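Breakdown of the fold
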Amino acid sequence: MSPTATRAAQSAAGPASAGADVSVPNTGPSAEPGGPEVPETRQAATDYADYRMVPARHPWRWVGTAVVALGLAAVVWSLATNPRWEWGVVAQWFTAQSVVNGLLETLKLTAISGALGFILGFILALMRLSASPLLVSVSWTFSWIFRSTPLLVQMLLWYNLGYLYEKISLGIPFTDVRFFEVQTTTLISQFAAAVLGLTLNQAAYSAEIIRGGILSVDQGQLEAAAALGIPAWRRSTRIVLPQAMRAILPTAFNEIIGLVKGTSIVYVLAYSELFYTVQVIYNRTQQVLPLLLVATLWYVVITSVLSVFQYYIERHYSKGAVRTLPLTPLQKARRFFATHAAVTDNRARGTR
């Protein structure tokens with residue numbers, strides 16, 4: 001048989017076994033003059049159009065899902081069928097005017113103390129990063145003291161400040177010149193003591209959070225910006241802070257959520273925030289558990305709203321760190337249903 005007939009027979013026999021590798025020696029000229037002959041490997045094309053798609057099996061995932069679903073069903077059943085939860089009483093007091101007023105006071109304390117705390121914390125963080133030994137020492141001492149003492153003790157100390165100083169005055173130090181003077185008990189009311197205690201405690205923690213976020217930015221970027229002649233203020237606001245926010249935001253929102261719950265300590269000052277209001281009501285009605293559930297549900301609502309804000313703010317500041325932004329909950333839901341619809345459609349086609 002001639003060499004031409006042999007190659008034709010091999011070509012005809014190749015497609016008989018789909019997907020098989022057919023090695024045909026390359027009898028042509030080598031890649032380099034005088035070099036050895038290079039064998040040539042060819043793979044027959046495979047058509048996957050008629051292949052049936054089979055989804056991956058995850059049996060233990062389904063077992064875990066079933067166990068968790070049974071646990072959730074048991075909890076929901078207990079909440080729905082146990083009459084001692086007194087959900088009717090919870091619904092009665094959930095939107096009562098006194099409870100709503102206490103909720104507004106809680107939100108007011110959180111907003112004022114959170115804003116002032118982070119502003120003061122930002123100043124303390126800059127002091128800690130400065131080259132002045134005095135500023136560094138003052139900032140470190142402030143954080144050390146207020147992080148070392150319980151918030152409850154701080155509240156009571158500020159509320160009883162009038163015992164230490166009868167009057168608070170503003171003037172020229174070490175002289176008798178006074179521009180402003182007032183009785184301490186008049187100035188430090190229940191609200192003022194609550195704001196003062198929450199603000200200073202929050203500032204101590206916020207200073208460390210902000211300082212850590214600033215230090216997380218690569219110093220080489222500051223050096224490059226300085227070499228380009230960018231002013232220091234623009235380096236801080238346009239280069240450092242946007243990148244530092246990615247490290248600051250998660251912990252900062254945790255602190256705000258903790259501050260929302262921390263306002264419940266103000267009850268020791270008999271200030272009518274949410275928890276104190278609930279206490280007054282259940283001391284009168286003896287419906288302790290339903291009223292505690294009212295406060296719990298309101299705290300859950302507040303922290304849930306803050307968590308939504310946290311997600312979208314973190315998503316905004318992640319633009320420079322990821323190629324594609326994280327999906328929003330609505331986008332995740334759309335992708336989930338679209339994926340499962342495609343899998344169901346493929347299964348239906350495979351069973352035909």
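In case you missed it, the structure is sitting above this.
Counting restarts for each chain: residues are numbered from 1 in the order of the written sequence. Given that the model is predicted, a residue must reach a pLDDT of at least 70 before its local features are reported, and side-chain atom pairs must reach 80 or more before they are shown or counted; all residues, however, enter totals for whole chains, interfaces and linings. Computation of side-chain values: all heavy atoms of the structure, hydrogens and water removed.

1. Here we look at the pattern of salt bridges
Applicable threshold: Whenever Lys or Arg places a side-chain nitrogen within 4 Å of a carboxyl oxygen from Asp or Glu, that contact is recorded as a salt bridge. In this description a helix means any DSSP run of H or I spanning at least four residues, a strand means any run of E spanning at least two, and both kinds are numbered starting from the N terminus.
Per the counting criterion, the structure on display carries three salt bridges. We note a salt bridge from Glu208 to Arg211, for which the minimum N-O separation is 2.8 Å. In this pair, Glu208 and Arg211 are both assigned in helix 9 (residues 190-215), three residues apart and thus about one turn of the helix distant. One network of salt bridges, in which partners are shared, links Arg128, Glu208 and Arg211.

2. What about the side chain of Ser139?
Selection criterion: For every residue, the accessible area obtained with a 1.4 Å probe (protein chains only) is divided by the maximum for its type, and the residue is called buried under 20%, exposed over 50%, and partly exposed between those limits. Contacts: residue pairs with any heavy atoms within 4.5 Å of one another.
Topologically, Ser139 is positioned in helix 5 (residues 133-148). Of the residues examined, Ser139 reaches a relative accessible area of 1% and is grouped as buried. When near neighbours in sequence (up to four residues on either side) are disregarded, Ser139 contacts Leu124, Met127 and Arg128.

3. Focus: helix 11 (residues 232-262)
Basically, it comes down to this: Helix span, as expected, comes to 1.5 Å for every residue beyond the first. The reported bend at a residue is simply the angle between two axes, fitted to the 7 residues ending at it and to the 7 residues beginning with it.
Look at helix 11: only 37 Å from first C-alpha to last across 31 residues, short of the 45 Å you get at 1.5 Å a residue. At Ile248, helix 11 shows its maximal kink, close to 45°; a proline, Pro250, follows between one and four residues later.

4. As for the packing of helix 12 (residues 274-285) against helix 13 (residues 288-317)
How we decide: Only the stretch in contact is used when a helix axis is fitted, and all axes are lines through C-alpha atoms; the angle between N-to-C directions ranges over 0 to 180 degrees. Working definition: roughly parallel below 35 degrees, roughly antiparallel above 145 degrees, roughly perpendicular at 65 to 115 degrees, and oblique for all remaining angles. Each crossing is labelled by how the near helix is turned from the far one, with a counterclockwise turn of less than a right angle marking it left-handed and a clockwise turn marking it right-handed. Side-chain classes are defined by residue name, with Ala, Val, Leu, Ile, Met, Phe, Trp, Tyr, Cys and Pro counting as nonpolar, Asp, Glu, Lys and Arg as charged, and the others, Gly among them, as polar.
Close contact between helix 12 and helix 13 brings their axes to 9 Å; oriented N to C, the two are set at 165°. In terms of orientation, helix 12 and helix 13 fall into the roughly antiparallel class. Relative to helix 13, the crossing made by helix 12 is right-handed. Where helix 12 approaches helix 13, its residues Leu274, Phe275, Val278, Ile281, Tyr282 and Thr285 are matched on the opposing element by Val288, Leu291, Leu292, Ala295, Trp298 and Tyr299. Of the residues contributing to the contact of helix 12 with helix 13, the split by class is 11 nonpolar, one polar and no charged.

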